[in-house]
Amino acid sequence: EKMNSAMSEEPDALSVVNQLRDLAADPLNRRAIVQDQGCLPGLILFLDHPNPPVVHSALLALRYLAECRANREKMKSELGMMLSLQNVIQKTTTPGETKLLASEVYDILQSSNMSDMDNVNEMNYRRRKAQFFLGSTNKRAKTVVLHIDGLDDSSRRNLCEEALLKIKGVISFTFQMAVQRCVVRIRSDLKAEALATAIASTKVMKAQQVVKSESGEEMLVPFQDTPVEVEQNTDLPEYLPEDESPTKEQDKAVSRVGSHPEGAASWLSTAANFLSRSFYW
């Protein structure tokens, strides 16, 4: 009996941290999550979790939260935050992608109280440092912008996210719900068609690629209808710095579609309850 409850604890940790990550992905929830009593301390504890996917997911959640400038000071001063990030970076058993993600979150928080000019210099320094860490890996990544018909609420976004996470070679993605787009960073040896196949497999959405013509105008290009064989991802998604990500400016257009702050709030209290019970793994 006791054995079973201990065994069932593990997926709970992952599902809770994934829920927090999904909530943090929506810009409308980012302030509330950081203001909540239980969520930030919970995410910090997840950074010490023995299960690597739990740590990676907690870092993705923290990275989303740190995108909101107003959150950074509180996050930085939260007990154990910077120390736990350092531990993840220094642990020899931490996978490379997870180390990079942790050092990016650390750097964003570390430079939170600098002036804008310092910030720009710091960003450039970090970018160079990240490229140095990665060697030529960054050259092997490319950005694909998808226009997704049917991407019109948060449950569709979750479906889309699940489909993309299953593909080996997908590094990261950002949704722009207001314009039904998804910006995906992929390894350059992955065919963009694989993304379309994965999205078509949801049966409720269809992707076209957004490309710029020579005159700089955006055009939608349909993918061929022949499905591509997709290699399933068994590991954690790789993480690379998104220095040429086109999403910086468009971030302001990120949607209010399908956001239910009150739903998020009730979910947060459930998460906080779970976290306070599970601090003693």
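Residues numbered from 1 in each chain as written. Predicted model: local features only at pLDDT ≥ 70, side-chain atom pairs only at ≥ 80, totals over all residues. Heavy atoms only, no water.

Caption draft 1: Just the nonpolar core, in detail. Core analysis: the largest hydrophobic core is formed by 35 residues, its most contacted members being Leu43, Leu62, Leu65, Met75, Met81 and Leu85. Secondary structure elements with two or more residues in this core: helix H1 (2-25), helix H2 (30-35), helix H3 (39-46), helix H4 (52-67), helix H6 (81-90) and helix H7 (96-110). Residue contributions to this core peak at 9 residues, all from H4. Discounting residues that sit within four places of it in the chain, Met81 has contacts with Leu40, Ile44, Leu62, Met75 and Leu109. Among the nonpolar cores identified, the runner-up in size contains 25 residues, and Ala163, Met177, Ile186 and Ala194 belong to it. (Core = buried A, V, L, I, M, F, W, Y, C linked by side-chain atoms within 4.5 Å. Buried < 20%, exposed > 50% of the residue type's maximum accessible area, 1.4 Å probe, protein only. Helix = DSSP H or I, 4+ residues; strand = E, 2+ residues; numbered from the N terminus. Contact = heavy atoms within 4.5 Å.)

Caption draft 2: Here's a closer look at the packing of H3 against H4. At their nearest, the axes of H3 and H4 sit 8 Å apart, and the two run at 140° to each other. Taken together, the axes of H3 and H4 are oblique relative to one another. Here H3 and H4 pass one another in a crossing that is left-handed. Counted together, Leu40, Leu43 and Phe46 of H3 and Val54, Val55, Ala58, Ala61, Leu62 and Leu65 of H4 form the full contact between these two elements. Taken together, the residues that form the contact of H3 with H4 break down as 9 nonpolar, no polar and no charged. (Axes fitted to C-alpha atoms, helices over the stretch in contact; angles between N-to-C directions. Parallel < 35°, antiparallel > 145°, perpendicular 65-115°, else oblique. Left-handed = near helix turned anticlockwise from the far one by under 90°. Nonpolar A, V, L, I, M, F, W, Y, C, P; charged D, E, K, R; others polar.)

Caption draft 3: How the structure looks around unusual backbone geometry. Of note, the phi angle at Gln180 is positive, near 55°, even though the residue is not glycine. By the element assignment, Gln180 lies in the loop between strand E2 (170-176) and strand E3 (181-187). According to the relative accessible area criterion, Gln180 is partly exposed, its value standing at 22%.

Caption draft 4: Up close: the pattern of salt bridges. Evaluation of the coordinates by the stated rule reveals 9 salt bridges. In this structure, Arg63 and Glu67 form a salt bridge, with 3.3 Å as the shortest nitrogen-oxygen distance. Of the two residues, Arg63 and Glu67 are both situated in helix H4; the distance of 4 residues between them amounts to about one turn of the helix. Among the salt bridges present, the one from Glu218 reaches Arg181, with a minimum N-O distance of 2.7 Å. (Salt bridge = Lys/Arg side-chain N within 4 Å of Asp/Glu carboxyl O.)

Remember, this is a structural readout, not a statement about activity or role.
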